[in-house]
Amino acid sequence: MDIIEENAIPAFLESNQLIVELESVDIYNNIIFPVQAKEYDINPQVEVPYDLKKEEDAQKSVDEGHSPWRLDPLMTTQVFVSLQLSPGGIKGEYPIQEGNVKLLHSTKDSAVVQVNDNDTIIKLVYLKRLIKQDQSGIWTVIGYDTIDK
């Protein structure tokens, strides 16, 4: 990263949202945020089939206030991977803990989430917003990569 000024502060992010408050704007008037330090190809090893009609119905359901977790790529990943471990349904806590998923890349219509959990061989999950490409759009898992063992 090139430093533009002597007083510039490089900031590295692990989220797609940022709130910044500066007490002294005079000193730090140039802040550089390399949000996408790495581009990800959306080319999963394992493709997950989806039904566009079901996704449209799920979007309508979320629009009505149901299943708000579908608006978050991390929660969508947590539920998806947990269901791979418990295909009969999840009772109680999710098998994949919230702290074991990390957003690596996100745009308005795609996301890549890393899974770090010894109970699964899934390491990366690829998601897309298929119906609405804005904050109100649900995330759909379109594929994943596995750990090379």
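Look up a bit, the structure's there.
Model, not experiment: these values are computed from the prediction.

Draft legend 1. Main features of the nonpolar core. One finds Phe80, Val81, Ile122, Val125 and Leu127 to be the most contacted residues of the largest nonpolar core, which totals 15 residues. Breaking this core down by element, the ones donating at least two residues are α2 (73-85), β4 (101-106), β5 (110-115), β6 (122-128) and β7 (140-146). Not counting residues up to four positions away in its chain, the partners in contact with valine 125 are Thr77, Val81, Ala111, Val112, Val113, Val115, Val141, Gly143 and Tyr144.

Draft legend 2. Highlighting the environment of alanine 58. One can find alanine 58 in helix α1 (residues 52-63). C-alpha of alanine 58 to C-alpha of isoleucine 131: the two residues are 73 residues apart in sequence and 9.6 Å apart in space. If we skip the residues at most four places from it in the chain, alanine 58 touches Arg70 and Ile138.

Draft legend 3. The arrangement of unusual backbone geometry in detail. Positive phi outside glycine occurs at serine 67, with the angle close to 45°. Mapped onto the secondary structure, serine 67 falls in the loop between α1 and α2.

Draft legend 4. Representation of the pattern of salt bridges within the structure. By the definition in use, this model includes three salt bridges. Across the salt bridge formed by aspartate 63 and lysine 132, the nearest N and O atoms sit 3.1 Å from each other. With aspartate 63 in helix α1 and lysine 132 in the loop between β6 and β7, this residue pair connects regions lying 69 residues apart in the sequence. Judged by its relative accessible area of 43%, aspartate 63 falls in the partly exposed class.

Draft legend 5. Region of interest: the sheet that holds β5. Here we have five strands laid out as an open sheet, ordered β3-β7-β6-β5-β4, and antiparallel in their pairing. With partners counted over all chains shown, the strands left at the sheet margins are β3 (46-47) and β4, one partner each. Across five bridges, β4 lies against β5 in antiparallel orientation. By the bridge assignment, lysine 102 is partnered in β5 with glutamine 114. Here α2 sits on the sheet and contacts β4, β5, β6 and β7; the angle it forms with β6, its principal contact strand, is near 125°.

Draft legend 6. Structural context of the environment of valine 79. Following the sequence through the fold, valine 79 ends up in helix α2. Residue classification places valine 79 among the buried residues on the basis of a relative accessible area of 7%. Considered as a pair, valine 79 and tyrosine 94 are 15 residues apart in the sequence and their alpha carbons are 7.3 Å apart. Leave out the neighbours within four places in its chain, and valine 79 touches Trp69, Ile90 and Tyr94.

Draft legend 7. Region of interest: the side chain of serine 82. For serine 82, the location among the structural elements is in helix α2. When its relative accessible area of 0% is taken as the criterion, serine 82 is described as buried. Only 2.8 Å separates the side chain of serine 82 from the backbone oxygen of glutamine 78, close enough to count as a polar contact. The contact partners of serine 82, leaving out residues within four places of it in the chain, are Ile90, Tyr94, Pro95 and Ile96.

Draft legend 8. Main features of the packing of aromatic side chains. With the rule as written, the count across this model stands at one aromatic pair. Here the aromatic rings of phenylalanine 80 and tyrosine 144 are separated by 5.9 Å at their centres, their planes lie at 50°, and the arrangement is tilted. Linking phenylalanine 80 in helix α2 with tyrosine 144 in strand β7, this pair joins segments that are 64 residues apart in sequence. This pair shows no difference in class: phenylalanine 80 is buried, exactly as tyrosine 144 is.

Procedures and definitions
Residues numbered from 1 in each chain as written. Predicted model: local features only at pLDDT ≥ 70, side-chain atom pairs only at ≥ 80, totals over all residues. Heavy atoms only, no water. Core = buried A, V, L, I, M, F, W, Y, C linked by side-chain atoms within 4.5 Å. Buried < 20%, exposed > 50% of the residue type's maximum accessible area, 1.4 Å probe, protein only. Helix = DSSP H or I, 4+ residues; strand = E, 2+ residues; numbered from the N terminus. Contact = heavy atoms within 4.5 Å. Salt bridge = Lys/Arg side-chain N within 4 Å of Asp/Glu carboxyl O. Pairing = 2+ DSSP bridges. Axes fitted to C-alpha atoms, helices over the stretch in contact; angles between N-to-C directions. Polar contact = N/O pair within 3.5 Å; in protein donor to acceptor, adjacent residues only side chain to side chain. Phe/Tyr/Trp six-rings, centres within 6.5 Å; stacked < 30°, edge-to-face > 60°.

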